[in-house]
Amino acid sequence: MKSVLEVIKSTAAYFQKAGVENARLNIEHLLAHVLGRKQRMELYLEFDRPLGEAELGPLRDLVRRRAAGEPLQHLLGSVDFLGRSFKTDARALIPRPETELFAQKILDRHPSPPARLADVGTGSGVLALSLAGQWGETEVHAVDVSPAALALAAENALALGLQHRVQFHEGSLLAPLSGVFSLLVANLPYVPTGAISGLAREVQHDPVLALDGGPDGSVLIRTLISDARAHLQGLLALEIGHDQSGPLTEALSGAGYHSISPESDYSGRNRFLFASYG
Ligand SMILES: C[S@@+](CC[C@H](N)C(=O)[O-])C[C@H]1O[C@@H](n2cnc3c(N)ncnc32)[C@H](O)[C@@H]1O
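Residues numbered from 1 in each chain as written. Predicted model: local features only at pLDDT ≥ 70, side-chain atom pairs only at ≥ 80, totals over all residues. Heavy atoms only, no water.

Draft legend 1. Structural context of the overall build of the chain. Counting its regular elements, the chain contains nine helices and 11 strands. Computed over C-alpha atoms, the radius of gyration of the chain comes to 21 Å, within 12% of the 19 Å expected from 2.2 N^0.38 for 278 residues, which places it in the range of a compact globule. Along the three orthogonal principal directions, the C-alpha set of the chain runs to about 65 × 40 × 30 Å. Put simply, the chain has 278 residues, and 48% of those count as buried. For the chain, the proportion of contacts with a sequence separation of at least 24, taken over those separated by at least 6, is 64%. (Helix = DSSP H or I, 4+ residues; strand = E, 2+ residues; numbered from the N terminus. Rg over C-alpha atoms; globule rule 2.2 N^0.38 Å. Buried < 20%, exposed > 50% of the residue type's maximum accessible area, 1.4 Å probe, protein only. Contact = heavy atoms within 4.5 Å.)

What follows is the structure, given as structure tokens:
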């Protein structure tokens, strides 16, 4: 029988050979998941615990799938985002830490809650649901062109008890919405079509619809910048690609937005744009 520590060490070595980044962290998460531990750090208190076949069997399956490139988050089935747990699977983009930072920046910019907001390209619903959870009085709408993503977002809303707080709409950009919003947030696809096949194998498990931003990556964001003017009296908050801040700042300025401010992610790259209209 192998102990917890032995399994961690041997699987970390196997993951490393298979090209899995952060090999040890990955096996610790998977083992904690199989053992039903909330935190992987709990494993540190039971390094000598022997693992039986009832635990090793399911672990082997997860290890095989992770080594073949399936994302850790799909295997664990959930991600934490601003203190809430969101189900994640192949129906929508895996929420990223940068988007959590984006959400925090949106919250920081609002000392008082906005009256009405829309999350355009909601995916798993992380932005709409996190903001709805923080701002009890705000009317929240969420749009996605993908029915599969909307189904996942609705499941997340229900699991979080926020199903009455967000109205979900199927359609493209602002087409299914009416009226004026005080906040529009969007993490739309921003990868150039030709760059998708070169992305990491884990990213290939995200839906193409969540990645493909057209020939230069900014087609949908530019359309939103233009269309939003008919629906916005307030702030437009965009998560963008690392090389899009300059051209999209120009697009915002040309479209009549003011107070345009790029903001950086954890690695210091300008990945967010905030601009006001009206
Ligand atoms: C990069 S993902 C972001 C998902 C989620 N907001 C997040 O931050 O994790 C982009 C989302 O936009 C959706 N999308 C793509 N084209 C769209 C369109 N024309 N109108 C609305 N949503 C669209 C995709 O289905 C996908 O769910």
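Further notes follow.
Draft legend 2. Highlighting the site of the ligand. Close to the ligand lie 18 residues; Gly121, Asp144, Ser172, Leu173 and Asn187 are nearest. Aspartate 144 places a polar side-chain atom, nitrogen or oxygen, 2.6 Å from an oxygen atom of the ligand. The separation between an oxygen atom of the ligand and a polar side-chain atom of asparagine 187 is 2.8 Å. Against a free-state accessible area of 600 Å², the protein chains account for coverage of 96% of the ligand. Per-class residue counts for the shell around the ligand are nine nonpolar, eight polar and one charged. (Near = heavy atom within 4 Å. Polar contact = N/O pair within 3.5 Å; in protein donor to acceptor, adjacent residues only side chain to side chain. Areas by Shrake-Rupley, 256 points an atom, 1.4 Å probe, with all protein chains shown as cover. Nonpolar A, V, L, I, M, F, W, Y, C, P; charged D, E, K, R; others polar.)

Draft legend 3. The arrangement of the side chain of serine 146 in detail. Within the secondary structure, serine 146 sits in the loop between β6 (139-144) and α7 (147-159). In this structure serine 146 touches Arg91 and Leu209, once residues within four positions along its chain are discounted.

Draft legend 4. Molecular detail of the pairing of strand β3 (residues 78-81). Side-chain alternation along β3 places Val79 and Phe81 on a buried face and Ser78 and Asp80 on a face that remains uncovered. Bridge count between β3 and strand β4 (residues 84-87): four bridges; the pairing is antiparallel. Its bridge partner being in β4, serine 78 is matched across the sheet by lysine 87. A loop of two residues connects β3 with β4, the two strands running antiparallel in sequence, and leucine 82 in this loop sits at a positive phi of about 45 degrees. (Pairing = 2+ DSSP bridges.)

Draft legend 5. Representation of the domain arrangement of the chain within the structure. Here the chain is partitioned into domain 1 (2-68) and domain 2 (78-277). Once you take the C-alpha centre of each, domain 1 and domain 2 turn out to be 34 Å apart. (Domains from an automatic or database assignment.)

Draft legend 6. Inspection of the environment of serine 178 at higher detail. Along the chain, the position of serine 178 falls in the loop between β7 (166-170) and β8 (181-186). Judged by relative accessible area, which is 53%, serine 178 ranks as exposed. Once the C-alpha coordinates of serine 178 and histidine 231 are considered, the two residues, 53 residues apart in sequence, prove to be 7.4 Å apart. Residue contacts for serine 178: discarding those within four places in its chain leaves Arg116 and His231.

Draft legend 7. Quick look at the pattern of salt bridges. Going through the model one piece at a time under the given rule, you end up with 21 salt bridges. We note a salt bridge from arginine 37 to glutamate 46, for which the minimum N-O separation is 2.6 Å. Among the residues examined, glutamate 46 registers a relative accessible area of 15% and is labelled buried. Glutamate 155 is paired through a salt bridge with lysine 87; the nearest N and O atoms lie 2.8 Å apart. Note that glutamate 155 is positioned in helix α7 and lysine 87 in strand β4, a separation of 68 residues in sequence. With relative accessibility at 30%, the residue glutamate 155 sits in the partly exposed group. Overlapping salt bridges, with partners in common, bring together Arg37, Glu46, Arg49 and Glu55 in one network. (Salt bridge = Lys/Arg side-chain N within 4 Å of Asp/Glu carboxyl O.)

Draft legend 8. Structural detail: the packing of helix α8 (residues 219-227) against helix α9 (residues 245-254). Relative orientation of the contacting elements α8 and α9 amounts to 20 degrees, with a least axis distance of 10 Å. Regarding the angle of α8 to α9, the classification is roughly parallel. Crossing of α8 against α9: the hand is right-handed. Residues Ile221, Arg222 and Ile225 of α8 form the contact with α9, whose participating residues are Pro247, Leu248, Ala251 and Leu252. Taken together, the residues of the contact of α8 with α9 sort by class into six nonpolar, no polar and one charged. (Axes fitted to C-alpha atoms, helices over the stretch in contact; angles between N-to-C directions. Parallel < 35°, antiparallel > 145°, perpendicular 65-115°, else oblique. Left-handed = near helix turned anticlockwise from the far one by under 90°.)

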